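Each chain, letter by letter, is given below.
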Amino acid sequence: LRMSRGLGDVYKRQPQFDSKVDGDERKETFKRGLLQRCQKEFAAKPDWSALDSLEGDERAEAEYKLKLRIMGNIQFIGELHNRQLLPESVMHHCGRSLIGNDLNNPDADNIEKLCRLFTTIGKTLDSKPVGKDKAATRKQMLDQYYLAMMQLSKLQKLEPRIRFMLMDLLELRANQWKPRFDTQDPKKLAAPVSY
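Residues numbered from 1 in each chain as written. Predicted model: local features only at pLDDT ≥ 70, side-chain atom pairs only at ≥ 80, totals over all residues. Heavy atoms only, no water.

Q: Run through the overall build of the protein chain, naming residues and quoting values.
A: Counting secondary structure elements, the protein chain contains seven helices and two strands. Going from N to C terminus, the protein chain has its helices and strands arranged as α-β-β-α-α-α-α-α-α. On the protein chain, roughly 13,600 Å² of surface is accessible, and the fraction owed to carbon and sulfur atoms is 53%. (Helix = DSSP H or I, 4+ residues; strand = E, 2+ residues; numbered from the N terminus. Areas by Shrake-Rupley, 256 points an atom, 1.4 Å probe, with all protein chains shown as cover.)

Q: Describe the pattern of salt bridges, listing the residues and the values that go with them.
A: Under the criterion given, the structure shown has 12 salt bridges. E41 serves as the salt-bridge partner of R37, at 3.1 Å between the closest nitrogen and oxygen. With R37 and E41 both in helix α2 (residues 30–43), this residue pair falls four residues apart, about one helical turn. For R37, a relative accessible area of 46% puts it in the partly exposed group. (Salt bridge = Lys/Arg side-chain N within 4 Å of Asp/Glu carboxyl O. Buried < 20%, exposed > 50% of the residue type's maximum accessible area, 1.4 Å probe, protein only.)

Q: I'd like to hear about the side chain of K113, residue by residue, with values.
A: Tracing the backbone shows K113 in helix α5 (residues 108–127). This buried residue, K113, is left without a salt bridge; D107 holds the nearest opposite charge, at 6.4 Å. Excluding its chain neighbours within four sequence positions, the residues that come into contact with K113 are I70, M71, I74 and L98. (Lys, Arg positive; Asp, Glu negative; His and termini not counted. Contact = heavy atoms within 4.5 Å.)

Q: Explain the packing of aromatic side chains residue by residue, including any values.
A: Under the criterion given, the structure shown has three aromatic pairs. Note on Y146 and W177: the rings are 6.4 Å apart at their centroids and 55° apart in plane angle, and the pair reads as tilted. Of this pair, Y146 sits in helix α6 (residues 132–153) while W177 sits in the segment after α7 (160–174), and the two are 31 residues apart along the sequence. Note on Y146: relative accessible area 4%, which makes it buried. Look at W177 and you get buried, because its relative accessible area is 10%. Three or more aromatic residues joined by ring pairs form one cluster here, namely F118, Y145, Y146 and W177. (Phe/Tyr/Trp six-rings, centres within 6.5 Å; stacked < 30°, edge-to-face > 60°.)

Right, dumping it as structure tokens:
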């Protein structure tokens, strides 16, 4: 999150650096490099087979770290969009690929990523101003995502944890993106009780 804020300043200045891609030397902008890196991270399939040699607590910890990294990358991509560093078209591509083509046989990991992505970008997408000609199209696309999520939340094949993630996301949108519990502000400690 902090990194995405700092990247906004760098992105606005558009630094260029030399890049050699397949023998083609050219100047590459920060935006192009960022887009390529995000695309690579998003498309990368996690190498779960590397964990086969581990057992017990070591394996559980390695799985946790790998999953945390994957979810962190998804949230980072969403935060880059929220800071207008990645275009909306990239978010729609991510959303479509995570939902998949077959709503009856979804990939649970992709659905979890979808929940993380839309929890991060949903408010921005719903409130982003656009011209009147694009407003109807965007609303239709977003409604299709949320309709698919509603169908998935009722699918008994998905584990309950994933279904509840979907329901929480749908509830968050229904409440105008106001979380049920305020988790952002630090809480003050109560005054000590004197005896």
